[in-house]
Amino acid sequence: VALACVVVLFGTGLLLMFWYAPSSQRVTYEGSYTPLVGQEASAAYISILHTSFDVPGGLLVRQAHHWAALLLPAAIMMQLAVAFFTGAFRRRRGSWLVLFGLLIVALAGGWSGYALPDDMLSGTGLRIFQGILLGIPVVGTWLSWFFFGGEFPGRIIENLYPVHIAVVPALLIGLLWLRARMASRQEPARYPGEVGVPAYPNAAVRAGGLFAIVTGLLVLVAATVTVAPVWLFGPSSPGDASAGSQPDWYTGFLDGALRLVPPGWEVVWLGRTWTLAILVPLAVVGVFLLAVAVYPFFEQWVR
């Protein structure tokens with residue numbers, strides 16, 4: 001399932017590269033979507049409208065790309081859950097780290113792609129992201145200028161685009177290659193007394209059939225279920241925010257962590273304001289992710 005998602009992401013992403021304009025430059029929309037004709041927006045947003053309404057099959061490619069990005073983290077999380085609750089990680093601690101790395105890279109790829117359309121929804125998400133950066137003591141302002149290239153919104157589109165099309169794919173390919181190499185050198189994890197399935201042709205046919213089914217379902221869903229209708233959200237505006245904004249499901253735990261803390265929770269220490277409403281959620285999430293990564297090694301040390 002995860003491999004099918006990666007292949008769909010790469011195939012649709014290569015096509016979208018020809019149509020997407022990674023630029024924050026303001027231009028006037030003159031396309032076929034009548035409600036926004038004459039509206040000024042970034043070149044990135046207008047290229048998304050052009051892909052959706054003027055390129056034959058463009059909307060199908062866009063939505064297949066988005067649905068695959070939504071399914072990929074779920075598939076990796078299921079692999080992590082199966083490996084954890086069956087104890088399969090105990091003799092494959094390196095493979096566990098590779099799988100965890102794949103999850104983090106998939107989240108980074110989804111988040112960077114979420115911001116690229118430069119619509120009101122992604123603009124609101126980026127504003128929240130900037131607020132989190134500014135809430136980090138000492139280095140927060142520097143981090144904000146590093147990511148955004150100046151005042152909000154700065155050049156965030158131009159900065160995120162190379163991450164989305166070069167850094168994330170390279171890391172995905174590298175980790176998948178490493179995982180495949182580990183699998184080829186180790187026997188499949190099995191319960192005591194369990195008889196495995198021959199890799200060829202049995203396992204190969206099963207994997208190929210599942211790969212085809214998942215790919216077909218992704219295309220079917222992309223053709224019938226709307227996702228990320230940026231034309232309804234409108235272009236991003238630094239002075240506006242979408243009241244109903246929410247991230248994609250796989251980063252909902254980050255948004256929820258910020259919403260759970262009490263407002264105005266901050267202290268002054270060493271001449272600086274420490275915004276605990278941001279620092280505590282970041283610390284909790286960071287400790288949780290670290291615990292997931294090192295748990296197999298911690299358990300080995302305890303036992």
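Nothing here was measured: the structure is a model prediction, and the numbers come from that model. (Residues numbered from 1 in each chain as written. Predicted model: local features only at pLDDT ≥ 70, side-chain atom pairs only at ≥ 80, totals over all residues. Heavy atoms only, no water.)

Chemist: I would appreciate a short explanation of the overall build of the chain in the present structure.
Modeler: Secondary structure summary: the chain contains 11 helices and 4 strands in total. With the C-alpha coordinates of the chain rotated into their principal frame, the extents come out at 70 × 60 × 30 Å. In the chain, which comprises 303 residues, the proportion classed as buried is 39%. Within the chain, counting contacts between residues at least 6 apart in sequence, those at least 24 apart form 69% of the total. Charge separation in the chain, taken as the distance between the mean sites of 16 positive and 14 negative side-chain charges, equals 19 Å. (Helix = DSSP H or I, 4+ residues; strand = E, 2+ residues; numbered from the N terminus. Buried < 20%, exposed > 50% of the residue type's maximum accessible area, 1.4 Å probe, protein only. Contact = heavy atoms within 4.5 Å. Lys, Arg positive; Asp, Glu negative; His and termini not counted. Charge placed at Lys NZ, Arg CZ, Asp CG, Glu CD.)

Chemist: It is not clear to me how empty space enclosed by the protein should be interpreted in this structure. Could you clarify?
Modeler: In this approach a probe as big as a water molecule rolls over the atoms, and the regions it shows empty are the leftover space. In the structure shown here, the tally under the stated rule is 1 cavity of 30 Å³ or more. By volume, the largest cavity amounts to about 40 Å³. If you trace the largest cavity, you find it lined by Met120, Gly123, Thr124, Arg127, Phe152, Ser236, Ser237, Pro238 and Asp240. Taken together, the residues of the lining of the largest cavity break down into 3 nonpolar, 4 polar and 2 charged. (1 Å grid on protein atoms, 1.4 Å probe; cavity = no way out; pocket = protein on both sides within 12 Å on 5 of 7 lines; lining within 4 Å. Points joined across faces, edges and corners; volume = space filled by probe spheres on them. Nonpolar A, V, L, I, M, F, W, Y, C, P; charged D, E, K, R; others polar.)

Chemist: Looking at this model, I keep getting lost on the pairing of strand S3 (residues 266–269). Mind explaining?
Modeler: Each regular strand shows side chains that alternate between the opposite faces of the sheet. Examined bridge by bridge, S3 and strand S4 (residues 272–275) share 4 bridges and lie antiparallel to one another. Note that in S4 the partner of Glu266 across the bridge is Thr275. Here S3 folds back onto S4, and the loop between the two strands holds 2 residues, one of which, Leu270, carries a positive phi near 55°. (Pairing = 2+ DSSP bridges.)

Chemist: Before we go on, may I ask you to explain the packing of aromatic side chains in this structure?
Modeler: For any pair of aromatic rings, the description consists of the separation of the ring centres together with the inter-plane angle of the planes. Counted according to the given criterion, the structure contains 18 aromatic pairs. On the basis of an interplanar angle of 40° and a centroid distance of 6.4 Å, the ring pair of Phe84 and Trp96 is categorised as tilted. Of this pair, Phe84 sits in helix H3 (residues 58–85) while Trp96 sits in helix H4 (residues 93–115), and the two are 12 residues apart along the sequence. Overall, Trp96 belongs to the buried group, its relative accessible area being 5%. (Phe/Tyr/Trp six-rings, centres within 6.5 Å; stacked < 30°, edge-to-face > 60°.)

Chemist: In this structure, what is going on with the pattern of salt bridges? I would like to understand it.
Modeler: Where charged atoms from two side chains of opposite charge approach closely, those side chains can pair. Enumeration according to the criterion identifies 4 salt bridges in this entry. Glu299 is paired through a salt bridge with Arg303; the nearest N and O atoms lie 3.9 Å apart. Given a relative accessible area of 69%, Arg303 falls into the exposed group. Several salt bridges share partner residues, and in doing so they unite Arg90, Glu299 and Arg303 into one network. (Salt bridge = Lys/Arg side-chain N within 4 Å of Asp/Glu carboxyl O.)

Chemist: Even after reading the chapter, I still don't get the side chain of His65, so can you show me in this structure?
Modeler: Relative to the helices and strands, His65 is located in helix H3. Among all residues touching His65, those that are not within four sequence positions of it are Leu9, Thr12, Gly13, Leu16 and His164.

Chemist: How do you make sense of the nonpolar core when you look at a structure like this?
Modeler: One broad trend across soluble globular proteins is that nonpolar side chains are buried collectively. Core analysis: the biggest nonpolar cluster contains 33 residues, and Leu72, Ile76, Leu80, Leu102 and Leu218 have the highest contact counts within it. When residues of this core are traced back to their parent elements, those giving at least two are helix H1 (2–19), H3, H4, helix H7 (156–185) and helix H8 (199–224). For this core, the element with the highest residue contribution is H3, accounting for 9 residues. For Leu218, the residues in contact, after removing those within four places along its chain, are Cys5, Val8, Trp67, Ala68 and Leu71. Residues Tyr33, Phe152, Tyr161 and Val230 belong to the second largest nonpolar core, which totals 24 residues. (Core = buried A, V, L, I, M, F, W, Y, C linked by side-chain atoms within 4.5 Å.)

Chemist: I'm lost on the environment of Thr273 in this one. Help?
Modeler: Tracing the sequence through the fold places Thr273 in strand S4. With a relative accessible area of 42%, Thr273 lands in the partly exposed category. Between the C-alpha atoms of Thr273 and Met17, which are 256 residues apart in sequence, the distance is 43 Å. Excluding residues within four positions of it along the chain, Thr273 makes contact with Glu266, Val267 and Val268.

Chemist: What exactly am I supposed to notice about the side chain of Ser144 here?
Modeler: Mapping Ser144 onto the fold places it in helix H6 (residues 140–148). When its relative accessible area of 2% is taken as the criterion, Ser144 is described as buried.

Chemist: Looking at this structure, I do not really get the layout of surface pockets. What am I missing?
Modeler: A volume near 2100 Å³ is recorded for the largest pocket. Along the walls of the largest pocket sit 47 residues, with Gln79, Arg92, Arg179, Pro188 and Ala189 positioned nearest its centre. Of all the elements in the fold, those that place two or more residues in the lining of the largest pocket are H1, H3, H4, H7 and H8. Among the elements that make up the lining of the largest pocket, the one with the highest residue count is H8 (7 residues). Considering only residue class, the lining of the largest pocket consists of 33 nonpolar, 6 polar and 8 charged.

Function cannot be inferred from these measures alone, as they are strictly geometric.
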